[in-house]
Amino acid sequence: MNLRSHRWPLNGIMVARCRGPNMAHQGEPLLDCLSFAAKQRKLHVSQLPFLMWQRYKMLFHITNQCWSIPQTPSISQCLMSTGSMTKRHLVELLSLEEHEAESLDKYLTSLEAMDSNKVMESIQCHLCDIQIVVTKDRSKMEAVFRDQESSRVLHLQCDSCKKSVALRAGGKWWPLQESLHCGDSYRSSFKEVATFGERLLLHVLNRIIFKEVEHDSGTPALFLPIPADEQAKLIWCNGEVVGFYTLKPRGKLYQGAFGESYAMPIVDLMFIRKKFRQQGYGAKVIEDLAFMFPNQNFGFSHPVSPSLYIVLLRYLQMHPEMHDHIWVTTYTGDEGHRQNIWLLLRHLVRKKEILS
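Going along each chain's sequence as written, the residues are numbered from 1 onward. Reporting in this predicted model follows two pLDDT cut-offs: at least 70 for local features of residues, and 80 or more for side-chain atom pairs to be given and counted; totals over whole chains, interfaces and linings ignore these cut-offs and use all residues. Hydrogens and waters are ignored; side-chain quantities use all the structure's heavy atoms.

Asks: Sorry if this is basic, but what is going on with the pairing of strand 16 (residues 326-329) here?
Replies: Look at any regular strand and the pattern is simple: side chains alternate between the two faces of the sheet. Exposed residues in this analysis have more than 50% of their type's maximum accessible area, buried residues have under 20%, and partly exposed residues fall in between, with area computed by a 1.4 Å probe over protein chains only. Note on conventions: DSSP H or I runs of at least 4 residues are helices, E runs of at least 2 residues are strands, and numbering of each starts at the N terminus. Of the two faces of strand 16, the one carrying Ile-326 and Val-328 and the one carrying Trp-327 and Thr-329 are both buried. Assignment of crossover handedness uses the view with strands pointing away from the viewer, where a clockwise path from the first strand over the helix to the second indicates a right-handed crossover. Handedness of the strand 15 (residues 298-301)-helix 8 (residues 306-318)-strand 16 crossover: right-handed. Pairing between two strands is assigned when DSSP locates at least 2 bridges connecting them. Pairing analysis gives 3 bridges linking strand 16 to strand 17 (residues 338-340), with the strands arranged antiparallel. If you follow Val-328 over to strand 17, its bridge partner there is Gln-339.

Asks: Mind showing me how you'd approach helix 7 (residues 281-292) here?
Replies: Residues three or four positions apart in an α-helix share a direction because the helix packs 3.6 residues into each turn. The span one expects for a helix is its residue count, reduced by one, times 1.5 Å. Its 12 residues give helix 7 an end-to-end C-alpha distance of 16 Å, which sits within 8% of 16 Å, the value for a rise of 1.5 Å per residue. Those residues of helix 7 that sit buried are Tyr-281, Gly-282, Val-285, Ile-286, Asp-288, Leu-289 and Ala-290.

Asks: What is the right way to read the environment of Ser-122 from this model?
Replies: Structurally, Ser-122 can be placed in strand 5 (residues 122-124). The class of Ser-122 is partly exposed, set by a relative accessible area of 34%. Between the C-alpha atom of Ser-122 and that of Val-134, which follows or precedes it by 12 residues, the distance is 5.5 Å. Contacts are assigned to residue pairs with any non-hydrogen atoms lying within 4.5 Å of each other. Ignoring anything within four residues of it in the chain, the contact list for Ser-122 reads Gln-131, Ile-132, Val-133 and Val-134. In protein, a polar contact means a hydrogen-donor-capable atom and an acceptor-capable atom, both N or O and within 3.5 Å, with residues adjacent in sequence counting only if both atoms are side-chain atoms; elsewhere, any N or O pair within 3.5 Å suffices. Within polar-contact distance, the side chain of Ser-122 engages the side chain of Gln-131 at 3.1 Å.

Asks: Help me understand the packing of helix 7 against helix 8, please; the structure alone is not making it clear to me.
Replies: Any two packed helices are characterised by how steeply their axes cross, that is the angle between the axes, and by the distance between the axes. Helix 8 packs onto helix 7 with a crossing angle of 55° between their chain directions and a minimal axis gap of 9 Å. The angle between helix 7 and helix 8 places the two elements in the oblique class. Handedness of the crossing formed by helix 7 with helix 8: right-handed. Note on element contacts: helix 8 touches helix 7 through Val-311, Leu-312 and Tyr-315, opposite Gly-282, Ala-283, Ile-286, Glu-287 and Ala-290. For the contact of helix 7 with helix 8, the residue count by class is 6 nonpolar, 1 polar and 1 charged. To get an axis, a line is fitted to the C-alpha atoms, and for a helix only the part in contact is used. The angle between two axes follows their N-to-C directions and goes from 0 to 180 degrees. With respect to orientation, any angle under 35 degrees is reported as roughly parallel, any angle over 145 as roughly antiparallel, any angle of 65 to 115 as roughly perpendicular, and every other angle as oblique. Rotating anticlockwise by less than a right angle from the far helix to the near helix defines a left-handed crossing, while the corresponding clockwise rotation defines a right-handed one. The residue classification treats Ala, Val, Leu, Ile, Met, Phe, Trp, Tyr, Cys and Pro as nonpolar and Asp, Glu, Lys and Arg as charged. All others, Gly included, are polar.

Asks: Sorry, what's going on with the sheet that holds strand 11 (residues 190-192) here?
Replies: Each strand in a sheet pairs with its neighbour through backbone hydrogen bonds, running either in the same direction (parallel) or in the opposite one (antiparallel). As summarised here, the arrangement of the 7 strands in space is 11-12-13-14-15-16-17, forming an open sheet in which the pairing is mixed. Either end of the sheet is taken by a strand with one partner, and the two such strands are strand 11 and strand 17. Strand-to-strand, the axes of this sheet are offset by a mean angle of 35°, without reference to chain direction. Helix 7 rests against strand 11, strand 12 (231-237), strand 13 (240-248), strand 14 (266-272), strand 15 and strand 16 of the sheet, and its axis sits at about 45° to strand 13. Packed on one face of the sheet, helix 9 (residues 341-350) meets strand 15, strand 16 and strand 17 and runs near 65° to strand 17.

Asks: Would you take a moment to explain the confidence of the model for the protein chain for this structure?
Replies: Do not read the predicted coordinates in detail wherever pLDDT is low. Within the protein chain, residue pLDDT values average 79, and 72% of them lie at 70 or more. Confidence scores labelled pLDDT are given residue by residue by the predictor and lie between 0 and 100. This stretch, residues 1-85, has a pLDDT under 50; its non-local contacts, to residues over four places away or in other chains, come to 120 contacts.

Asks: Could you clarify how one ought to interpret the sheet that holds strand 9 (residues 164-169) in this entry?
Replies: The 4 strands are arranged 7-8-9-10 in an open sheet whose pairing can be described as antiparallel. A single partner strand is all that each edge strand has here, and the edge strands are strand 7 (139-145) and strand 10 (172-175). Averaged over all pairs of adjacent strands, the angle between strand axes in this sheet comes to 40°, irrespective of strand direction. The sheet contact formed by strand 9 and strand 10 spans 4 bridges and is antiparallel. Bridging from a neighbouring strand, Arg-168 pairs with Trp-173 of strand 10. Along the sheet, helix 4 (residues 104-113) contacts strand 7, strand 8 (148-157), strand 9 and strand 10; its crossing angle with strand 8, the most-contacted strand, is approximately 30°.

In structure tokens form, the structure reads like this:
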């Protein structure tokens, strides 16, 4: 294949023109040629930046310059050339087996026996801006799931602020701020928790960010570890996690009850990080629930925070068709254990306990 390079800007990326057999768009920008090549080879779009075309022994690489290599590079060269795009994130830790490949008890023993003259690993505290050396005394064992002690992680704690600064899982330490991102900087959506890595991120949000870093003394809830089978969604904005909510589906047996199940889908936990508040994410959670359960009842577990009551009031004022469908619940949410939120909010407005 002949590659004739020209410098044309395309969203800040230098592009080239390609000519050769099996190219449907000869003379089109390089990005279009790569997309066509990816479709032929059934490759995902995320592989475009280091698309390897064995037939022509050519590596197309989108950088600030356009260049070619006469021979196909190795996978390691390819990964090096993509830089940060190959960096792994906590949420991408896919399996429990990968995490449990390292014995945390043995790791703690190795820390205790480590030679004091050896250079120790350290991680920066994002709150105190100091380096925290990894030692056994600073490493605290935590359960990932409620009522399941076998799945554990280590929290590295800062001596100064007494907050967790990193999480050890899958054989490495994950700094707290880095663990809140994913590899896709364009991810902005609600994503149902499915993988073990997403469960770990849920643990970070629930047990570190909410409990230790952003806990509000006025918040009535105290977030315990989340069960391993709990239905939950993570909220993303530009590759950074915003928060989450957990859901008790209708028909699921109530824990500790004999044969009693939830009468409706109920949001049990809901958390939005402080930097993302006042940006409409509370309303988006309600919209997400209304989309999943059209013309059906759903509830929020008591107690409900004052800020969420205000969001619910504004939502219900704009959507009168939802007045009879949203409830605040206790226990299973059945008759006698639920209260219509619209009627409750009208009562609170009359008493001037919340602003209309």
